[in-house]
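Chain by chain, the residues run as shown.
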Amino acid sequence: MDMSDFISARKFFEFGISFLSQNHWVEEYNLSLSLYDNAAKCCLSIGDSEKLERFSTQVLSNARSFEDKLNIYYFSISALCHASLL
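Summary of the structure given here. (Residues numbered from 1 in each chain as written. Predicted model: local features only at pLDDT ≥ 70, side-chain atom pairs only at ≥ 80, totals over all residues. Heavy atoms only, no water.)

1. Here we look at the layout of surface pockets
Line of reasoning, step 1. Of the volumes computed, that of the largest pocket is approximately 280 Å³.
Line of reasoning, step 2. Contributing to the lining of the largest pocket are 14 residues, with S49, L52, S76, A79 and L80 lying nearest its centre.
Line of reasoning, step 3. Taken together, the elements giving at least two residues each to the lining of the largest pocket come down to α3 (29-46), α4 (49-62) and α5 (66-82).
Line of reasoning, step 4. When its residues are assigned to classes, the lining of the largest pocket shows seven nonpolar, five polar and two charged. (1 Å grid on protein atoms, 1.4 Å probe; cavity = no way out; pocket = protein on both sides within 12 Å on 5 of 7 lines; lining within 4 Å. Points joined across faces, edges and corners; volume = space filled by probe spheres on them. Helix = DSSP H or I, 4+ residues; strand = E, 2+ residues; numbered from the N terminus. Nonpolar A, V, L, I, M, F, W, Y, C, P; charged D, E, K, R; others polar.)

Here is the structure:
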């Protein structure tokens, strides 16, 4: 897949996140989790560690179960490995 595809996808996920209500983690939990999770995945793919951290923090702060946090843990560990910090 072309790198620009991940950049475009991240923009679409950010656009979706911008439409969420103030209380979205309570009212639209599954949609919020999906948008933030996929935005984080795109950030990992394009190497945008700053935005990856921002999306990851939101999921880790609001996820209801360990299983909902697993992808974010994977993305964070992968980012550390790619940055040779692990």
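Now that the structure has been shown, the text picks up again.
2. Quick word on the pattern of salt bridges
Line of reasoning, step 1. By the definition in use, this model includes four salt bridges.
Line of reasoning, step 2. Taking the shortest distance from any N to any O, the salt bridge between R10 and D48 comes out at 2.8 Å. A residue pair is termed long-range when its members are at least 10 positions apart, and R10 in helix α1 (residues 3-18) and D48 in the loop between α3 and α4 qualify at 38 residues.
Line of reasoning, step 3. The class for R10 is buried, based on a relative accessible area of 10%.
Line of reasoning, step 4. As a salt-bridge pair, R54 and E14 come within 4.0 Å of each other at their nearest N and O atoms. Of this pair, R54 sits in helix α4 while E14 sits in helix α1, placing them 40 residues apart in sequence.
Line of reasoning, step 5. The structure contains a network of salt bridges with shared partners spanning R10, E14, D48, K51 and R54. (Salt bridge = Lys/Arg side-chain N within 4 Å of Asp/Glu carboxyl O. Buried < 20%, exposed > 50% of the residue type's maximum accessible area, 1.4 Å probe, protein only.)

3. A closer look at the side chain of S56
Line of reasoning, step 1. Summarising the element assignment, S56 is placed in helix α4.
Line of reasoning, step 2. S56 gets classed as buried once you look at its relative accessible area, which sits at 5%.
Line of reasoning, step 3. Reaching out from S56, the side chain makes a polar contact with the backbone oxygen of L52 at a distance of 2.7 Å.
Line of reasoning, step 4. Ignoring sequence-local partners within four residues, the contact set of S56 consists of A40, I72 and S76. (Polar contact = N/O pair within 3.5 Å; in protein donor to acceptor, adjacent residues only side chain to side chain. Contact = heavy atoms within 4.5 Å.)

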